[in-house]
Amino acid sequence: MVGSWPRPPELLGAQRAVAAGRMDAAALERMEDEAVLEVLRIQEEAGLDIVTDGEQRRDNFYSFVASKLSGVRMMTLAEMLDLVEDKAGFEEILRTLDVPAYSISNPTCVGPIERSQPLAVRELDFLRRHTDRPVKITLPGPYLLTRSMFVQEVTRDVYPTKEALADDIVRVLRDELGELARAGADFVQLDEPVLTELVFTQGRTRTFMCAALAARKDPAEELELAVDLVNRVVEGFDDLRTGVHVCRGNWSKKEETLLDGGYDPLQPYLERMRVRQLVLEYATERAGDLIPFEGKELGLGVVNPRTDTVETAHAIADTVRRALSMVPADRLFLNPDCGFGTFSRRPVNSTDGARRKLEAIVEAARALREDVEFADPGSAPA
Ligand SMILES: [Zn+2]
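Numbering of residues starts from 1 in each chain and follows the order in which that chain's sequence is written. Given that this is a predicted model, residues contribute local features only at a pLDDT of at least 70 and side-chain atom pairs are listed and counted only at 80 or more, while totals for whole chains, interfaces and linings are drawn from all residues. To get the side-chain values, take all heavy atoms of the structure and skip hydrogens and water.

Visitor: Account for the layout of surface pockets, with residues named and values stated.
Guide: In this analysis a 1.4 Å probe is tested at points of a 1 Å grid over the protein atoms alone, and where it fits but cannot get out there is a cavity; an open set with protein on both sides within 12 Å along at least five of seven lines is a pocket; lining residues have an atom within 4 Å of a point. Grid points are joined across faces, edges and corners, and a volume is the space filled by probe spheres set on the points. As a volume, the largest pocket reaches approximately 750 Å³. Along its surface, the largest pocket is lined by 27 residues, and Q15, E32, R57, D59 and S67 are the ones closest to its centre. Here the lining of the largest pocket gets 5 residues from one element, more than from any other, and that element is helix α1 (residues 9–19). Ten residues, namely Ala, Val, Leu, Ile, Met, Phe, Trp, Tyr, Cys and Pro, are considered nonpolar, four, namely Asp, Glu, Lys and Arg, are considered charged, and the remaining ones, Gly among them, are considered polar. Within the lining of the largest pocket, the residues separate by chemical class into 11 nonpolar, 6 polar and 10 charged. Numbered from the N terminus, helices here are DSSP runs of H or I no shorter than four residues, and strands are runs of E no shorter than two.

Visitor: I'd like to hear about helix α5 (residues 121–130), residue by residue, with values.
Guide: Each residue is assigned to one of three classes by its accessible area relative to the maximum for its type, calculated with a 1.4 Å probe on protein chains only: buried under 20%, partly exposed between the two thresholds, exposed over 50%. Of the positions making up α5, those classed as buried are V121, E123, L124, F126 and L127. In this description, contact between two residues means that some pair of their heavy atoms is separated by no more than 4.5 Å. For α5, the secondary structure elements touched by its buried residues are α2 (25–46), β3 (136–140) and α8 (162–182).

Visitor: Go over the pairing of strand β8 (residues 332–336), please, and point to the residues and values.
Guide: Counting buried residues in β8 gives 5 out of 5 residues, a clear majority hidden from the surface. When the strands point away from the viewer, a crossover counts as right-handed if the route from the first strand across the helix to the second turns clockwise. After leaving strand β7 (residues 297–303), the chain enters helix α12 (residues 313–323) and then returns to the sheet as β8, a path that is right-handed.

Visitor: Residue-level account of the pairing of β7, with values.
Guide: Across the 7 residues that make up β7, a large majority, 7, are buried. Strands pair, by our definition, only if DSSP identifies at least two bridges between them. As paired elements, strand β6 (residues 277–280) and β7 share 4 bridges and run parallel to each other. From the neighbouring strand, L280 faces β7, where its bridge partner is L300.

Visitor: Any chance you could break down the sheet that holds strand β4 (residues 187–191) for me, citing the residues and the numbers?
Guide: In space, the 6 strands of this open sheet follow the order β3-β4-β5-β6-β7-β8, with parallel pairing throughout. Of all the strands in the sheet, just β3 and β8 have a single pairing partner and so form its edges. Averaged over all neighbouring strand pairs, the angle between strand axes comes to 25 degrees, with direction disregarded. Angles run from 0 to 180 degrees between N-to-C directions of axes, and those axes are lines fitted to C-alpha atoms, restricted for helices to the stretch in contact. Sitting on the sheet, α12 is in contact with β7 and β8, with an inclination near 155 degrees to β7.

Visitor: I'd love a proper account of the nonpolar core, names of residues and values included.
Guide: What is meant by a nonpolar core is a set of buried Ala, Val, Leu, Ile, Met, Phe, Trp, Tyr and Cys residues, joined one to another through side-chain atoms within 4.5 Å. Formed by 88 residues in total, the largest nonpolar core has its most connected members in L195, Y263 and L270. The contact partners of Y263, leaving out residues within four places of it in the chain, are V246, R248, L270, L280, E281, Y282, A287, I291 and F293. Counting 10 residues, the second-largest nonpolar core is a separate cluster that includes V39, L48, F340 and L358.

Visitor: For the coordination of the zinc ion, give the residues involved together with the corresponding values.
Guide: For the zinc ion, the full set of protein donor atoms is H245 (NE2), C247 (SG) and C338 (SG), at a range of 2.1 to 2.2 Å. With water excluded from the atoms, a metal site may look incomplete; its donors are any N, O or S atoms within 2.8 Å, or within 3.2 Å for Na, K and Ca. Of note, the zinc ion draws all its donor residues from one chain, in the sequence arrangement H-x1-C-x90-C. Note that C247 is positioned in the loop between β5 (241–246) and α11 (267–272) and C338 in the loop between β8 and α13 (351–371), a separation of 91 residues in sequence. With respect to class, C247 is no different from C338; both count as buried.

So, in C-alpha cells, the structure goes:
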C-alpha cells in the first residue's frame, strides 16, 4: 500500500460527532482501532508483505498534523479564499482541479510549531501489537508541510519566510523519525506529491489541492529546497528504510483534472534525495515511461487506485518484467499508484475494489517470484 484506505462511514460519522462535542474521544478511538484491525486483516488476507494502518485515524495524509502540533489551525478553503487577493483566480483553480471549496481544509501555521504529541507513533505501536509483518508509516514530507502551512497572510507574523518555518518542520519530523525508529518502524515514507505541481503546471496554477498560497519562486529553486529539506529530515537514519512518494494528485476520479507529465524533470532532484526508496505512480499513463533512478529502490505503481476496473495479475506481471530490465528484483517493490482514500471524505475507490486490486498485485508478485532470478536468492524482495 502507499498509505490510505477508505474509512467506514460510521467512523467518519463518529469523527464528526467528536468534533461537534457529541461523542467522547475514547469511544472514537475504539472505533478507529476496529477500523485499523479490519484494514490490517484485509492486507494480511490479501498476502501483502508490508502493511500500513490505512491512515484510518487521519482526515487526510497531511492535515491530521494540525491536531498534533501547536501553532497550526485548520482553515477551510472558503476561509483561505477570503484571504487571497485574486479570489476569482483561486476559485477558477479550484474548479479546474475539481476541488469543492467546502470539502477540504488546510493546516495553516498561525504560531510557533511544536510537537504537542507524536504524529504517528501511536499508529505504529498499535500496528506493532497486532501484526508480525513489516510496517510502513507514512508522514507528510517537509516540503509539502512547509508549502501548505505557510499561508503568507497569517504566517509571516510568526515566521518571516517559508525557510524559517521549514527549519522548525524539519526539527519536528526528525524528532518523529527518531521515535518511530526506536519504536520499530520498518519503513517510513514521506509524502511529497506537491513536487509534481512545480514541474507540470508551468506556472499556470498557484496551488495544488489546498496547499501553497505561498508565492512560488522559480521551480528549480523550490525543488532544491525540497531536496535540502528531505535530506535534513533523514540524515543519520541509515538503518531505517525511508522513502519519498510522489504522484500527480489523487483527489478526483476524473483523470483529466489531475496533473500530467513524466518523471524526467524531477529525476535529478529525486536521485539526490538520500532516501532508500522512491514510491512512484506508473499505472496511470499520465506518469509517462519508466525511467531509471540511480541507487534507489523503486516502489512501482502497478494499479490505478481511481479506476473501477481491476488490473489483471497477468498485465501487472508484464509491466514488472519490463521494469526488471531497469531495476534489480531485490530493489523492486510493487504498490498501487497512491492511496485508496487520500481524503477521508473523498475515497477514490470502494473497499471491495481496493481489496481486489491488492489481490491482483499479490498474485502477480507470486507468479514473478517463481520465474525471476533474484540477485541474492536468500532475500526475496517485499
Ligand atoms: Zn499519491
